[in-house]
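Report on the structure
Single-letter residue listing:
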Amino acid sequence: MFVARTIAADHKDLIHDVSYDFHGRRMATCSSDQSVKVWDKGEDGQWRCTASWKTHSGSVWRVTWAHPEFGQVLASCSFDRTAAVWEEIVGESNDKQRGLSHWIKRTTLVDSRTSVTDVKFAPKHMGLVLSTCSADGVVRIYEAPDVMNLSQWSLQHEISCKISCSCLSWNPSSSRAHPPMIAVGSDDSVTYCGKVQIYEYNENTRKYAKVETLMTVTDPVHDVAFSPNLGRSFHVLAIATKDVRIFKLVPLRRESSSTSVPTKLEVQVMAQFDHHSSQVWRVSWNITSTLLASSGDDGCVRLWKANYMDNWKCTGILRGDGSPVNGAAAHGTVVGAAGTAVSAAAQQPLVGASAGRYFFPHLEAPRPGSRLGLLLPPPALIEQTCDSESGYTQPAPPRRRHFKANTATLPPEHE
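A brief look at the structure comes next.

Rules of the game
Residues numbered from 1 in each chain as written. Predicted model: local features only at pLDDT ≥ 70, side-chain atom pairs only at ≥ 80, totals over all residues. Heavy atoms only, no water. Helix = DSSP H or I, 4+ residues; strand = E, 2+ residues; numbered from the N terminus. Buried < 20%, exposed > 50% of the residue type's maximum accessible area, 1.4 Å probe, protein only. Contact = heavy atoms within 4.5 Å. Phe/Tyr/Trp six-rings, centres within 6.5 Å; stacked < 30°, edge-to-face > 60°. Pairing = 2+ DSSP bridges. Axes fitted to C-alpha atoms, helices over the stretch in contact; angles between N-to-C directions. Polar contact = N/O pair within 3.5 Å; in protein donor to acceptor, adjacent residues only side chain to side chain. Core = buried A, V, L, I, M, F, W, Y, C linked by side-chain atoms within 4.5 Å. Salt bridge = Lys/Arg side-chain N within 4 Å of Asp/Glu carboxyl O. Disulfide = S-S within 2.5 Å.

Considering the overall build of the protein chain
Across its full length, the protein chain holds 0 helices and 26 strands. Classification of the 415 residues of the protein chain by burial places 55% in the buried group. For the protein chain, contacts bridging at least 24 residues in sequence account for 56% of all contacts bridging at least 6.

Right, here's the structure in full:
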């Protein structure tokens, strides 16, 4: 059965994001209290806060880890119009910090004139590359030319989306047949148009060009997540809006042999779920692309899975107070479009303190002999067992993204 484990996060305001590192042994949280906390999982399975510091002069919307190949590196973004890069230094702590991680701000990115709403590191095969998106409708892509000197970052690309941006996701595919691709979502509630745009890098022009707009997604989008690509010829994108949607993006062969022509995508709706009956705030795939988790304003985290016929189903529900969810298995099945089955599971966030809707559960290693052992990540990456009869997450207070404070009075940089 599902087990909800509570952590006393000690944030003094709403928690907006939780991010796990590559191995699932460390996590970072960020909050409207302008702080970031780092947690380490001990040998006893308990999570302990090993570092906590004030990062920005406004609410911190997102926090993300770089691949461990580049060291212990975090990036955060904030309402104060900046993004920051942090690096953990070992062996340089003073007496007051003895036993705690010592994190140093390596750089502050100040190009945005409005709130920086999301920040993501690119897949490691692209090098140490960081992307941000802002409410001004611009996606900025930075690169660290020297991975040993994280204080130097150069702005490589600016992508004008012409609509307020709320979230972004890199396509993790490392196939040479797939150029770098990024999905951008918008939470603009005024303009009636497609709220998800797909951009692809062109080797000839050395720029990112828009290859597709998902015109069927017209409601505000709060999160987008590409599924890990395990050798597929197509891409899978999950979207959190007023419901959960999963799209299949099939690259079509170019009529011209010229690589200057952007790739055209055939868009198929694989599944759509309105089980949350409320706004959905986060979607997250597990590392093996076998389960998808979503969290919404109903105070629940739901797990979705597809069988070999592409029939999608809710396989579990979690509530923060640990109370069972009656009829969890009776939520029905959504039949996706014809194509290869894609399943999911969240390697991401654990039950936290103030805002359960943003957190996704870990999964415990299955019992020996269980068929789930063939579908779930290895035990090092998962953490809680489950069935569909119990639940997770407490109702959270309404999300606050906009404040009355005049943004013009916020400093572009601070320590």
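The discussion continues.
Notes on the packing of aromatic side chains
Taken as a whole and judged by the stated rule, the model has 9 aromatic pairs. When the ring of Tyr20 is compared with that of Trp47, the centres are 5.5 Å apart and the planes differ by 80°; the resulting orientation is edge-to-face. Of this pair, Tyr20 sits in strand β1 (residues 15–20) while Trp47 sits in strand β4 (residues 47–54), and the two are 27 residues apart along the sequence. The same class applies to Tyr20 and to Trp47, which are both buried. Centre to centre, the rings of Trp65 and Trp103 are 6.0 Å apart; their planes meet at 75°, and the pair counts as edge-to-face.

With respect to the sheet that holds strand β17 (residues 223–226)
As summarised here, the arrangement of the 4 strands in space is β17-β18-β19-β20, forming an open sheet in which the pairing is antiparallel. A single partner strand is all that each edge strand has here, and the edge strands are β17 and β20 (264–273). When strand polarity is set aside, the average angle formed by the axes of neighbouring strands in this sheet is 20°. Where β17 meets strand β18 (residues 235–240), 4 bridges bridge the pair, whose relative direction is antiparallel. Its bridge partner lying in β18, Ala225 is registered against Ala238.

Topic: the sheet that holds strand β3 (residues 35–41)
Read from one edge to the other, the open sheet built from 4 strands follows the order β1-β2-β3-β4, with strand pairing classed as antiparallel. On the outer flanks of this sheet lie β1 and β4, each paired with one strand and no other. Between one strand and the next, the sheet's axes are offset by a mean angle of 20°, whatever the strand orientation. Across 5 bridges, β1 lies against strand β2 (residues 26–31) in antiparallel orientation. Bridge pairing in β2 places Asp17 opposite Cys30.

Some words on the side chain of Thr108
Here Thr108 shows up in strand β8 (residues 102–109). Here Lys105 takes part through its side chain, which lies 3.5 Å from a polar atom of the side chain of Thr108.

Regarding the pairing of β4
With 7 bridges joining them, β3 and β4 adopt antiparallel strand pairing. The residue bridging Val38 from the neighbouring strand is Ala51, located in β4. Turn length for the β3-β4 hairpin, with the two strands adjacent in sequence and antiparallel, is 5 residues, and the turn residue Gly45 shows positive phi of about 85°.

A word on the side chain of His56
Here His56 shows up in the loop between β4 and β5 (60–65). Of the polar contacts made by the side chain of His56, one reaches the side chain of Ser76; its length is 2.9 Å. Looking at His56, its side chain comes within polar contact range of the side chain of Asp80, at 3.2 Å.

Points about the nonpolar core
The biggest cluster of nonpolar side chains holds 22 residues, and the ones touching the most others in it are Ile246, Trp285, Leu292 and Trp312. Those elements that provide at least two residues to this core are β18, β19 (244–252), β20, β21 (280–285), β23 (300–306) and β24 (311–319). With 19 residues, the next largest nonpolar core counts Phe70, Leu109, Phe121 and Trp153 among its residues.

Details of unusual backbone geometry
Despite not being glycine, Arg81 shows a phi value in the positive range, around 80°. With respect to the element layout, Arg81 can be found in the loop between β6 (73–78) and β7 (83–89). Among the residues examined, Arg81 registers a relative accessible area of 13% and is labelled buried. The backbone of Ser277 sits at a positive phi, close to 55°, despite the residue not being glycine. Secondary-structure assignment places Ser277 in the loop between β20 and β21.

Brief notes about the pattern of salt bridges
Per the counting criterion, the structure on display carries 15 salt bridges. As a salt-bridge pair, Arg26 and Glu88 come within 2.7 Å of each other at their nearest N and O atoms. Highlighted residues: Arg26 in strand β2 and Glu88 in strand β7, separated in sequence by 62 residues. For the pair Arg26 and Glu88, a shared accessibility class is recorded, and that class is buried. Across the salt bridge formed by Lys120 and Asp118, the nearest N and O atoms sit 3.0 Å from each other. With relative accessibility at 0%, the residue Asp118 sits in the buried group.

A few points about the state of the cysteines
According to the stated counting rule, one finds 0 disulfides in the structure shown. Between Cys314, a free cysteine, and Cys300, which holds the nearest cysteine sulfur, the sulfur-to-sulfur gap is 9.2 Å. Here Cys314 falls in the buried class, since its relative accessible area comes to 3%.

Just geometry here; none of it tells us what the structure is for.
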